[in-house]
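# A look at the structure
Each chain, written out:
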Amino acid sequence: MSTSIEQSSAAPDTSAPSPNPLGGHEKQAPWVPWAMFGAAAVVALGFLLLTGWNVVLFVIYTVVLGTLGTYVLSRVTEGSRKAVDRLVTCLVVSAFGIAMVPLVSLVYEVVRRGAERFDGEFFTASLQGVIGPGGGAYHALMGTLIITLLTTLISVPIGLMTAIYLVEYGSGRLKRSITFLVDVMTGIPSIVAGLFAYALFVLIFGPGVRLGIMGAVALSVLMIPVVVRSAEEVLKLVPNELREAAYALGVPKWRTILKVVIPTAIAGLATGVTLAIARVIGETAPLLITVGITNALNFNAFDGRMATLPVYAYYQLTQPGVPPENAIDRAWTAALVLIMLVMGLNVVARLISRLFAPKTSR
Amino acid sequence: MAKRIDVSDLDIYYGNFKAVEGVNLSIEPRSITALIGPSGCGKSTFLRSLNRMHEVIPGARVEGKVVIEGQDLYGSDVDPVDVRRQIGMVFQRPNPFPTMSIYDNVAAGLRLNAKKTSKSDMDDLVERSLKGANLWTEVKDRLSRPGSGLSGGQQQRLCIARAIAVQPEVLLMDEPCSALDPISTLAVEDLMMELKEQFTIVIVTHNMQQAARVSETTGFFNLNGVGQPGRLIEYNPTEKIFSNPDEKATEDYISGRFG
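Cut-offs and rules
Residues numbered from 1 in each chain as written. Chains lettered and ligands numbered in written order. Predicted model: local features only at pLDDT ≥ 70, side-chain atom pairs only at ≥ 80, totals over all residues. Heavy atoms only, no water. UniProt positions renumbered as here; feature names shortened; annotations may be inferred. Contact = heavy atoms within 4.5 Å. Buried area = accessible area lost by both parts, 1.4 Å probe. Salt bridge = Lys/Arg side-chain N within 4 Å of Asp/Glu carboxyl O. Polar contact = N/O pair within 3.5 Å; in protein donor to acceptor, adjacent residues only side chain to side chain. Helix = DSSP H or I, 4+ residues; strand = E, 2+ residues; numbered from the N terminus. Nonpolar A, V, L, I, M, F, W, Y, C, P; charged D, E, K, R; others polar. 1 Å grid on protein atoms, 1.4 Å probe; cavity = no way out; pocket = protein on both sides within 12 Å on 5 of 7 lines; lining within 4 Å. Points joined across faces, edges and corners; volume = space filled by probe spheres on them. Axes fitted to C-alpha atoms, helices over the stretch in contact; angles between N-to-C directions. Parallel < 35°, antiparallel > 145°, perpendicular 65-115°, else oblique.

Looking at an unreviewed UniProt entry, one finds chain B named ABC transporter domain-containing protein, with Modestobacter caceresii as its source organism.

For chain A, the name recorded in an unreviewed UniProt entry is Phosphate transport system permease protein PstA, with Modestobacter caceresii as its organism. In UniProt, chain A has this text filed under Sequence similarities (unreviewed entry): "Belongs to the binding-protein-dependent transport system permease family. CysTW subfamily."

Following this line, the structure appears as structure tokens:
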């Protein structure tokens with residue numbers, strides 16, 4: 001101990017320039033980077049006033065100049081480690097900003113233009129007999145809800161049972177080939193799923209058939225692998241000790257799965273299913289082929305065409321009629337409703353995982 | 001209730017790997033038998049083979065005989081699920097069911113087996129099992145709270161209550177105290193001394209003082225080298241093992257001169 005004290009007391013004499021042995025440089029004040037970016041903005045502004053005003057270029061110049069300035073200043077005053085830290089911080093924040101640009105711009109635009117027709121009539125009227133202003137998407141909203149419900153009814157049992165097989169029972173070649181096929185199914189383009197369902201029903205009912213249930217089958221092809229994947233991951237997370245605890249009580253395997261494994265994983269399973277629904281609810285291409293479009297209300301998924309929100313938006317936009325403004329406004333509102341549905345489902349998924357999660361409080 | 005266990009020429013495999021070789025022993029009813037030995041020597045594997053929990057692991061199998069009161073555990077007509085109902089198990093890490101309350105955890109053995117039980121019978125059983133596990137006074141006011149909210153020692157006693165609620169003949173304990181503090185360990189040991197009035201208890205432990213304190217008979221497992229199967233080196237009354245063992249290896253292990 002005494003020697004180290006002697007050394008530290010002797011240190012200032014030998015190395016006078018850096019009195020603090022743990023860090024030779026001052027720490028920057030927190031406002032310095034902000035000031036640097038402010039200065040960069042002023043420089044960019046001056047430069048652009050000379051060459052011609054452009055918002056995008058202004059932002060790019062400011063970010064690049066500010067990042068470079070912060071790095072150089074920090075390197076001079078704080079040393080290279082701090083400077084790299086500040087450089088990477090700037091890069092990460094810029095990347096986040098770039099990722100947010102399309103999202104914010106999309107939501108802003110859809111809300112702005114969709115608000116035009118976001119009224120009572122939109123949710124209560126169909127398009128039957130509507131030429132020009134007015135009309136709504138009640139039939140499309142109902143079609144989307146009915147078809148999505150049917151899709152869920154088909155996909156969840158199949159997907160869940162496949163996942164249970166893979167996690168609890170499967171082994172060897174069969175398990176590996178199912179996993180592989182599920183992976184392949186995840187990558188199927190949605191139009192191919194639509195063509196598959198169409199071809200399947202044409203074999204049974206003849207060409208030109210359009211049914212709501214066809215859309216549900218097509219969407220199931222897309223939804224099942226998503227459900228399998230998410231359920232598999234969640235079931236794997238259930239600790240093996242719980243299964244063994246149940247086995248040791250003399251509980252058969254199927255009851256262990258039903259009463260211990262699934263209740264423990266229920267929050268994750270429900271979240272996965274909700275997110276899978278959100279994934280397929282906005283699919284357009286398969287529904288375009290299998291379900292078609294109609295202007296009238298149709299609650300029966302087993303009889304004739306149905307309207308769905310994405311296809312509705314597509315047709316309102318591509319075949320707006322004369323004058324086009326009314327239909328295009330309806331298309332924007334349909335897009336807004338679709339986004340709200342997906343966001344709502346995501347919120348529901350979060351609520352479910354919070355509500356059902358195993359409680360540990362005393 | 002309690003039953004005698006006879007094991008003869010038992011070999012235990014994981015796939016092609018022979019984990020335990022040639023075990024012969026008999027376990028007396030209403031006694032505590034301790035299994036000691038270094039890590040990886042097959043104590044837990046042997047314990048798990050006593051209630052056919054071993055075969056939960058894919059590829060695991062057993063050759064030889066385990067006979068409980070004249071009934072061959074590995075007979076072709078024996079259902080492993082029935083075996084496990086008779087032979088309960090407590091694990092190293094407390095594992096109460098996280099989705100269930102304290103009450104439901106104790107009732108789990110009957111509930112999960114879909115045995116129809118009236119509410120009052122179930123209340124009685126839960127109270128009796130929790131009292132049997134010395135946990136009743138601590139939890140009687142919060143039976144509907146989640147079992148995972150208890151402390152580690154309480155959780156382990158909850159798991160013991162859950163295991164004895166199905167009224168097994170034999171209770172297997174796989175290092176039940178290794179995750180517990182000394183006071184909780186003492187509580188579990190006291191509990192074992194009471195439980196041996198009714199059950200045959202087999203306990204795997206790394207704590208030799210614990211083996212000396214609680215058991216009547218001790219088995220010492222060891223293995224000759226890495227990759228070799230584990231063997232039962234010595235099986236004798238606890239007093240003899242800890243004072244005057246037959247085998248040199250046992251003495252070395254117990255006195256700490258091992259390896």
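### A few points about the interface of chain B and chain A
Listed as interface residues are 32 residues of chain B and, on the opposing side, 21 residues of chain A. Counting each side, the surface lost to burial between chain B and chain A is near 2,200 Å², with a carbon and sulfur contribution of 62%. Connecting chain B to chain A are 2 salt bridges. In this structure, Glu241 of chain A and Arg93 of chain B form a salt bridge, with 3.3 Å as the shortest nitrogen-oxygen distance. Where chain B packs against chain A, one counts 5 residue pairs in polar contact (both at pLDDT 80 or more). Listed by contribution, the elements that provide at least two residues to the side of chain B that touches chain A are helix H2 (80-86), strand E6 (87-90), helix H3 (102-112) and helix H6 (152-165) of chain B. Sort the elements by how many residues they give to the side of chain B that touches chain A and H3 of chain B lands first, with 4 residues. The residue inventory of the side of chain B that touches chain A, partitioned by class, reads 17 nonpolar, 8 polar and 7 charged.

### Thoughts on the layout of surface pockets
Looking at the largest pocket, its volume works out to about 610 Å³. Lining the largest pocket are 17 residues, and of these Phe37, Val63, Cys90, Val93 and Ser94 of chain A lie nearest its centre. When contributions to the lining of the largest pocket are tallied by element, the ones reaching two or more residues are helix H2 (31-51), helix H3 (55-78) and helix H4 (80-114) of chain A. In terms of residue count, the dominant contributor to the lining of the largest pocket is H4 of chain A (8 residues). Among the residues making up the lining of the largest pocket, the classes are represented as 12 nonpolar, 4 polar and 1 charged. One number sums up the size of the second largest pocket: a volume of about 470 Å³. Lining the second largest pocket are 18 residues, with Glu168, Tyr247 and Lys253 of chain A together with Val56 and Pro58 of chain B positioned closest to its centre.

### Thoughts on the packing of helix H11 (residues 253-281) of chain A against helix H14 (residues 325-356) of chain A
Residue and element names in this part refer to chain A. H14 packs onto H11 with a crossing angle of 175° between their chain directions and a minimal axis gap of 8 Å. Between H11 and H14, the angle is such that the two are roughly antiparallel. Listed contacts from H14 to Ile266, Ala267, Ala270, Thr271, Thr274, Leu275, Ile277, Ala278 and Ile281 of H11 are Leu338, Leu341, Val342, Leu345, Asn346, Val348, Ala349, Ile352, Ser353 and Phe356. Among the residues making up the contact of H11 with H14, the classes are represented as 15 nonpolar, 4 polar and no charged.

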